[in-house]
Each structure stands twice: as C-alpha cells, then as structure tokens.
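Here are the chains, one letter per residue:
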Amino acid sequence: MTALDEIKIGGLGASRKRVEDNRFIRGRGNYVDDIVLPGMLHMEILRSPLAHARIRSVDASKAWDIPGVRLVLTGEMMATRNLAWMPTLSYDTQAVLATDKVRFQGQEVACVVADDPYIAKDACEAIVVDYEPLPPIVNPQQAMADGAPVIRDDKENQHDNVIYDWEVGDKDGTDRAFAQADMVSKLELHYPRSHPSPIECCGSIADFNRATSKLTVYMTTQAPHIIRAAVALVAELPEHMIRIVSPDLGGGFGNKVPVYPGYVMSILASILLERPVKWIEDKSGNLISTGFARDVYLRGELALRRDGKILGVRMHTDADHGAFFSDAQPSKFKIGLMHSAFSCYDIPAAHLTARGMYTNKAPGGVAYRCSFRVTEAMFFQERMVQAAADDLGIDQAEFRRVNFVRDDDFPHRTAFGFLTDSGQYGKCLDVGLEAVGYQDFLLQKAEAAKQGRLLGIGISTMTEPLGAGNSREFDILGIKMFDSAELRVHMTGKALLRTGAKTQGQGHETTWAQIVAHELGIPAEDVTVEEGDTDTAPFGMGTYASRSTPVAGAAVAMVSRKVRAKARKIAAHLLEVSEEDVDWELGRFYVRSAPDRGVTIQECAAAAYSNMPDGMEPGLENNAYYDPPNLTWPFACYIVTVEVDPQTGVWDVLNVVAVDDCGVRINPMIVEGQIMGGLTEAYAMSSMQFITFDAEGNCVGSNYMDYLLPTAWETPGFELHEVVTPCPHHPIGAKGVGECAAVGGPAAFVNAVIDALRGTGVRNIDMPLLPDRVHEALTMRHDVSGAPPVRTED
Amino acid sequence: MTSLYEEVAPEPAAGVPVRRVTITVNGERRSADVEPRLLLAHLLRHGFRLTGTHTGCDTSNCGACTVLFDGAAVKSCTMLAVQADGHAVTTVEGLATASELHPIQEGFKDEHGLQCGFCTPGMMMAAKALLDENLDPTEDEVRWALSGNLCRCTGYQNIVKSVLWAAAKLRAQAGTDADPGQEQP
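What counts and how
Residues numbered from 1 in each chain as written. Chains lettered and ligands numbered in written order. Predicted model: local features only at pLDDT ≥ 70, side-chain atom pairs only at ≥ 80, totals over all residues. Helix = DSSP H or I, 4+ residues; strand = E, 2+ residues; numbered from the N terminus. Buried ≥ 20, exposed ≤ 12 C-beta atoms within 10 Å, placed from the backbone. Contact = placed C-beta atoms within 7 Å. Nonpolar A, V, L, I, M, F, W, Y, C, P; charged D, E, K, R; others polar. Pairing = 2+ DSSP bridges. Axes fitted to C-alpha atoms, helices over the stretch in contact; angles between N-to-C directions. Domains from an automatic or database assignment. pLDDT = per-residue confidence, 0-100. Parallel < 35°, antiparallel > 145°, perpendicular 65-115°, else oblique. Left-handed = near helix turned anticlockwise from the far one by under 90°. Core = buried A, V, L, I, M, F, W, Y, C linked by C-beta atoms within 7 Å.

A. Up close: the overall build of chain B. The helix and strand inventory of chain B stands at 6 helices and 5 strands. Moving toward the C terminus, one meets the helices and strands of chain B in the order β-β-α-β-β-β-α-α-α-α-α. A buried classification covers 54% of the 185 residues belonging to chain B. Looking at chain B alone, contacts between residues at least 24 apart form 58% of all its contacts between residues at least 6 apart.

B. Region of the structure containing the interface of chain A and chain B. The partner chain B presents 50 residues to the 49 residues of chain A that form the contact. Of all the elements in the fold, those that place two or more residues in the side of chain A that touches chain B are α1 (21-24), α9 (283-289) and α17 (668-687) of chain A. Ranked by the residues each element gives to the side of chain A that touches chain B, the list is headed by α17 of chain A, at 6 residues. Classifying every residue of the side of chain A that touches chain B gives 20 nonpolar, 16 polar and 13 charged.

C. Layout of the sheet that holds strand β28 (residues 594-600) of chain A. Residues and elements named next belong to chain A. The strand order β26-β27-β28 describes an open sheet built from 3 strands, whose pairing is antiparallel. In the strand order of this sheet, the two ends are held by β26 (582-585) and β28, each with one partner. The sheet shows a mean angle of 35 degrees between the axes of neighbouring strands, direction not considered. Two strands pair when backbone bridges link them, and β26 and strand β27 (residues 588-591) are joined in this way by 4 bridges, in the antiparallel orientation. Opposite D583, over in β27, you have Y590 as the bridge partner. In this fold helix α16 (residues 601-610) packs onto β27 and β28, with an angle of close to 55 degrees to the strand it touches most, β28.

D. Quick peek at the domain arrangement of chain B. All names here are of chain B. Looking at the assigned domains, one finds that chain B contains domain 1 (19-93) and domain 2 (103-175). Computed over C-alpha atoms only, the centres of domain 1 and domain 2 are separated by 21 Å. At the level of elements, β3 (66-69) and β4 (72-75) are the ones that each hand at least two residues to the side of domain 1 that touches domain 2. Among the elements that take part in the side of domain 1 that touches domain 2, β3 stands out by supplying 3 residues, more than any other.

E. Seen up close, the confidence of the model for chain B. Residues and elements named next belong to chain B. Here chain B averages 91 in pLDDT, and 90% of its residues register 70 or above. Here residues 180-185 is modelled with pLDDT under 50, and outside its nearest four sequence neighbours on either side it reaches 10 contacts, counting other chains as well. Predicted complex metrics record ipTM = 0.97 and pTM = 0.97.

F. View of the sheet that holds strand β13 (residues 242-245) of chain A. Residues and elements named next belong to chain A. Ordered in space as β3-β7-β1-β14-β11-β12-β13, the 7 strands form an open sheet in which the pairing is mixed. Among the strands making up the open sheet, the edge pair consists of β3 (69-74) and β13. Across the sheet, the mean angle from the axis of one strand to that of its neighbour is 20 degrees, orientation sign disregarded. Relative to strand β14 (residues 277-280), strand β11 (residues 203-209) is paired through 4 bridges, and the arrangement is antiparallel. Paired with I205 across the strands is K278, a residue of β14. Sheet strands touched by helix α4 (residues 117-125): β1 (41-47), β3 and β7 (108-114). Its angle to β1, the strand with the most contacts, is close to 30 degrees.

G. Spatial organisation of the packing of helix α10 (residues 374-392) of chain A against helix α18 (residues 740-756) of chain A. Residue and element names in this part refer to chain A. Between α10 and α18, the shortest axis-to-axis distance is 8 Å and the interhelical angle comes to 30 degrees. On the basis of the axis angle, α10 is roughly parallel to α18. Crossing hand, α10 versus α18: right-handed. Residues V374, T375, M378, F379, E382, R383 and Q386 of α10 form the contact with α18, whose own contacting residues are A742, V743, G744, P746, A747, V750, N751 and I754.

H. Spotlight on the domain arrangement of chain A. Residue and element names in this part refer to chain A. If you check the domain split of chain A, you get domain 1 (21-27 + 483-626), domain 2 (32-134 + 201-249 + 256-289) and domain 3 (371-467 + 630-780). For domain 1 versus domain 3, the separation of C-alpha centres amounts to 39 Å. At the interface, 17 residues of domain 1 touch 17 residues of domain 3. Those elements that provide at least two residues to the side of domain 1 that touches domain 3 are α14 (508-520) and α15 (548-575). With 7 residues, the top contributor of residues to the side of domain 1 that touches domain 3 is α15. Its residues placed into classes, the side of domain 1 that touches domain 3 shows 7 nonpolar, 9 polar and 1 charged.

I. View of the pairing of strand β17 (residues 349-357) of chain A. All names here are of chain A. Where burial is concerned, most of β17 is hidden: 8 out of the 9 residues are buried. Pairing between strand β9 (residues 162-169) and β17: 7 bridges, direction antiparallel. Bridge assignment links E167 to a residue of β17, and that residue is T353. Relative to β17, strand β16 (residues 310-320) runs parallel, the two being bridged by 9 bridges.

J. Summary view of the environment of D295 of chain A. Mapping D295 of chain A onto the fold places it in strand β15 (residues 293-304). C-alpha of D295 of chain A to C-alpha of A756 of chain A: the two residues are 461 residues apart in sequence and 26 Å apart in space.

K. Summary view of the environment of Y704 of chain A. Within the fold, Y704 of chain A resides in the loop between β33 (699-700) and β34 (719-722). Sequence spacing of Y704 of chain A and S284 of chain A is 420 residues, and the spatial spacing of their C-alpha atoms is 8.4 Å. Beyond its immediate chain neighbours, meaning those up to four positions away, Y704 of chain A contacts K283 and L709 of chain A together with C57, T59, N61 and C62 of chain B.

L. Broad picture of the nonpolar core. Residues and elements named next belong to chain A. Among the nonpolar cores identified, the biggest contains 322 residues, and V112, V516 and V753 are the most heavily contacted of them. Here this core gets 14 residues from one element, more than from any other, and that element is α15. Among all residues touching V753, those that are not within four sequence positions of it are G456, V642, V644, W651, I765, L769 and V774.

Encoded structure:
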C-alpha cells in the first residue's frame, strides 16, 4: 500500500483549479440580482442632492399616484416605527431615512417600492423635498475649526464634530527618544478617500412570510451572521426567525461589511407589504453612499540616530469618517490597527494619537482590502521610512535592513505592543533586490539622469497583522472575533464542509476542501463547501481583513482533526487492535506493527454508519470554533521602478517585483491571484483612484466616468516571488495574504516616483500621483499635498 | 413571450407604450413586449432570464454586460431592447454547447482568469469578439481589446493569459498553426 500523493488528491500546496469557476464561466453564478421570487417587488432610493441641509418638508403624494407604486417610505414614516435611525457597528447611530437634516450628498431621503424598478425610479423623481441648505464641512480641518456647525446635532451630548480622541503607545518614552535623536525626520501625508467599488453593487431581497413569521434576506454581505444579529436588534425580530443568505458575491473588498439603510428599508417594506422586495443599488448610489475607505491625514516624525537607527516614532492621525461613524472596527481600537505601523522594525519607543471627525461626506472608513486601517498604517510607515533614509542620506534598502527585526528576535514585542512571531525580513528584501537588479538599476538611473531622463525605484517592506481576532482583544459590538467550521463525512466518504466565513472571489469552495484533503486524505473533489446561509452555516464573523485562512481556515483544520480522532477509534475497532496501536498516514490508519493491515478514511466513514464500535455514537461529523492565539504576521517586500516624463509628469511603470511571505500556501495559484489583485489596487490608489469633494460637498468620483479604475491597458505586469516562514501557531502554518499587496503596494509606487524626483527638493506628493500633480512638483520644486482641489464651477 | 420587466405585471398600465421585439438570442428566436425605454441588458436578464449578463455600472464603463450584437461586442446596458429588434445577440450562455465548453471558458478556468466571477461573462464575450477577428493576438492586442471591461479582483494578468490560452487552442483546432505541438497550452 503506497501513501496517497497529496498534490494528486488536491491537498495542501496543490494549484487546484477552482470549483466555483464551473458555474461562473457558464454565466450560471447566483448573485443577488439573479434571484427572482414569486410576487417580488422592486425598491429604489431617493437620495439627497445636498451635502448639508435641513429638511423642511417631503411631499410624496405625486409618487403614490403613479400606477404600479406599492409603497413610499419617508423619514417621518420610519420615525413612527422607531426605524428612522439604526445603530452602527461602531456604537454610533446612522439615519436610515433622513428626518431632521441631510448630512451628506447621496444620503437616503425616501424610497419607493413598485412593480418594477423603472416605475420605482419614476416615482422617486415625483417626490418633492424642500431643503434649507446649511454650510457643508468637507474635511477634518474645517470640522475642527472654531464655530464650525455641529453636524450631529441629533446626538444629545455632541457639541462639536469630534468622534473620538484616542492614543496608544508610550508618550514619555517616545519624548525621551526624540530628545536623544541626532535628527528628526518629519512628514505630513494624506491618504485620500477611496472606495472599494466591487463591480457588483450592494443589494438585498427581503422576503417576510407572515404565515411562518420568518424573514429571509438574500443580500450582498461579507458577514451574514453579524447581519443576522444586527437585524434582530434593529427590527426587533427573534433571531431564529431571521435567515440571512449571502449568495455569490461580485466582489466585496470591505464594501459589503456594514449595514446599509437600503437593506433595512427592503426588510421593512417586505414586512409591511408581505411580498418579497428587491433593492439593487446603482453604481452612483454605491459610490456616494456606501462604505468609503481611508481619508486620513498624518503628521509623522521619526527620531533618528546618525548611523541610521530609528529611536522613536510619533504619529498623529486625523480621520474623516463622514456623517456617521459606521465602519466596522474592533471596539477596542478606534482608529483600527493604525498602531501596527512599524511592526517590522525594531524600534524602542512609539506613540500614536488619533482623532476621528464627522464631516458632511458619506460615512465609512471601512477596511478596503485591509485589516482595519493597516493600509494607511503601512503607507505612512513606508513613506516616512523613505523620507528618513533620504534625510539621512542612507540607501533606502540599507536603512530598512538596519532597522528590521532580526530573524532570531522572534517573538518580538513591537513598540505599540503587538507580538510578532515569525519572519525572514532580510531574506525577502534580498530576493526582491536581486529580482529587480537593484545595483544595476541604480547605475542605469545615474546614466539616464545624464540624458535628462528621470528613473526612480521605490521599496515598500512591511509586516501586517492579519486574521482578527484573538477574542481577548478583538470584538465587534461585543461579539468576539473567532470563526467556525462544521464537517460531515457521509457514509461513502464524501463530505460536506460549512464555515462561518463567506467567499467573495477568494475561492473558499476550492481551498477549504484542500485543507480537508490535507488533514483526512479525502480527495478535495469529494468535499462540497457551503457558506453564507445563516440557517445552515455555523456562527462566524465572516470574510474581510484577510481573516478567512487565519481563522476559518484554521477551524477547518481543527474540525478535520476532530473527525480524524473519531475515525481513529473506528479504525481500531475495524482492525481489532487498541487505539494506541494505530498510526495515521494520509487517508489511512494502519497497525503500527503490521503496516500492511490498514483501513482507509472512507472505510472508517462507512463503518461510522454501519459498523460502529459498541457504545459509540453513530455518524462521522463535528464542528470547531477557533479562537486564534494571535494574529498572523505575513511579510512582504514590493519594489517598483518607474520612469517619469519631465515634460508631462506622466510616469510609466517599468517593473513591479513582489516578494510575499504568507507562510504555507494552501493553493499557490489562488495566492498569486490574490497578490496580483492587490498590486493592481495599489497601482490604482497611487495613480488614479480617489474620491474627492468640492467646497459645496459635491462628491467627485460618483461614477466610473470620474472614479477611475485601471483597465487591462494601464495595469502593469507583475513578477512574483515567494519566501515561506510558517506561522508558528496556525494549525497548517498559513498566514493571511489577500490584502498584503493592496496594503504594502501603494508606498512602493509613490516612493518610486519621489525617488525619480530626487534632487528637486520634492519630499512628497500625496496620492493620487496624477500627471499634473507630478508635473507641478517637478516644475515648481515643491511638495503637492492634500486631496486634489476641485474647481467649483461658477 | 415575456412581459414588460419580469413576469410580475403581465398587463402594462394604461398609457405605457409597448413594442413587440423579436431577437435571435443564442440562436433561438425570442419575442417580448417591452417598454421602449427598457435596456437590452434588462430584457436579457429579467425578461429572458439569461442572468449571466451582469450589470455593474450605470455609465457603460464596466463592461460586465458585454454581449455580441450581430457578432460585435457591445455593452447591452447602452442599448435599448427595441434597438435589438430583428438582430442576433449572443450571451455567455451561448458560448458553450451542452457537452463542451468554449476554449475561452476553458482558458479562464485553466489560467485562473477569474475570482468573484462578476466581470467574467463580459470579459469572455469581449475576448470572443477579439478572437473571432484575430486568432493570433499579441498580449498588447488582448489588453487593448479588453480595455472596456473592468475587473477588480485579478489584476488582468491572468485574464490576458486566459485569452492567449484560448487563442492557442482555437488555432490548434483550426489547424492553422505551423507547429501546433509547440503552442498547445
């Protein structure tokens, strides 16, 4: 009997082709808008054209007169049901439909339910709203100014626009470090507002059945169980009478975590009308009203010793949260994991202060391909690191190497208090430098400079905390951030696996089966994976923040081991030996003293239903709730080379090298796909993708004409490399990876362009590096900071 | 025959103009009574229940709704259903036969050219239009042909590879390769 070939059965490390593709390539996916229920009605939302205004009146009478209109909801009507406001995932409140004021352009003011969406749209246009405009606040600086209007005058104790003042780290120790410094390097940065913008917008179909009192909601959510809990609280329905189904998702990237007013209104409409009600958001609704990301200002300082050692870090951030604090952050960390900055560097002291502000902009600050603000943290870190290296006149690669946590220093307590556990930072940097041909490029750059050509090279290295929780530190609304898996092995050895995560392109249907194959020797093709239905899936916190593999993936391994433990007892019974005499190899138990005598996992499964030992409970299934002991800490090194055209400010990417150490890779093909997706978002952020506002609070970037996403034509090619340092505490040694490139990538692009401008005195251009901004910096020889200004047409 | 939008309201309200359209969809002649303002994408998705054609934006930028219209790639959210009257439309559902995938579909699976799958039907239809014209495109030609279609997951590199994979297979099938052995994917 030869052992199974793990790669052949689609186990760990196999670049197994994806199971879910079989339906997607046939156009047979099942997204929310593909679902039709008998008697279904359609809902459309009327949004505010103004950023800040008092509502004098809403007249919906003409809307009711349109044939086919079944229901019109206004804020006033919601208020009579105590549903005009809802709690957010960050202990704030958010208007479902505006009653007193509108607080951002695009805010929900009324909605119409009709026989088809065309009629519903007509009826929205027939609603007359009388607004009294108020002065809008469009950035944190305005929000903090003396005499600024209070945006949240609905909240009793809110007398200014501050949401929180928060700090972490050692202030005194950091002050001492700065007092001892040979040099202090300072940098002010803005990470512009962006939007995750999955191609599929948000939507829901609420179906309340009066006969059974059951509410079923098909909806675009990355976290169905959190939504079930939220609906139970908001709609005051019993939780067991709520079923949330998240079908195929057309991308999420953090946009589909929060609870949006549209979901709530479709639920109320279905309850009132006793018919299924479908709401499908349009793209501008998605871009102007749902969870944006970033929009954070930084004042950063590094205390430096002349030899290149970083002695201390000071950071202050001002975050623009929009009109409601509605992003999902772990409740202990107000600015998410901003304090994960500088975790890959050995720094004695650090201090961070963070302030969150209300403005008249859409609410959010969601983790867009990001673990709660780590994207901003790592961008700030790597921009500050490059500026410090330049200020000191030290090579940027060498400066990083001097300050890296060394391979033999793990576990390492960071200055902000995180515990990193593994990595080979220097090796990853070396692999990247060699791949890009660092020394050659520097020569090439010097040569090109003689002809007036501007070449630049940017490096970004970082470790980031992925896989929230552990439950000691991580909760959302008090719910601890663990995850779960449930495995049933059928009589013939085929299996059904369900988890509390929710795939949205990551390929869980493929990779979870590979973990089962690795643990049990059941071929991956024999394992069906299901997620997203709260009536069947075990309770979990969902998929975002690169937490699926670190948490739910670990639960899959653990539940497989529980099943294997039972199978071992069955095997001992079948082999007529004691359990201690049974050994395991992939897919098979055997007698230690007689390895030829064995039973396969499939034979054990059959026996679990037909020939179990006396006294044993029949069946072969179990579940596991996994509370990770720590976050996982992948490391990445991204290196970008560019050429900037001095005449136009246009910059071309010459080369992108990515070295990712995400521990053990379950499916290398899928991991590489994730990394390339992240690199593209990094390129997008640095070059074109941003949302800004004019002085009136009009959103610029409200559609794909204005909100630029790179196409196949602009997007550069990528060269990927790999280093593997297994996670010491994850059952299969894996770390998170989905967001790494989107988190670490942007600084590499920006650093490359700034490097190309070396010698001009330009230390910073804030993203996006649009050609006109680069050109301005180059010709005027000054920094270009802040969100791109938008001219208000006279 | 289908109704105005879905099967919900078979009788149009008084005063709503209705036009009969007949379109050859994936080789089959289909008729529907539609409002003149109904988008072709909506007729395909909701009237004909061919939900493989997706709608992702309101501005004809994302390309998720790309179909072949008399053989040319068009964004079906940019056309009215009445404009398609008397014409032929191919959707993603028309790519495969009952037993066999189209090489473009095989290529997307083999080269991991999709993740969430939402842009995929439009990408594949845009690729089909390219390969119908040019069986041996360069990487740049593929990138240009797909530049009307947005993907947020993959970073395009694997999509481009998928199309080149399909092109190689189609060339081998057509026997046009000088040495198919070398280029067989």
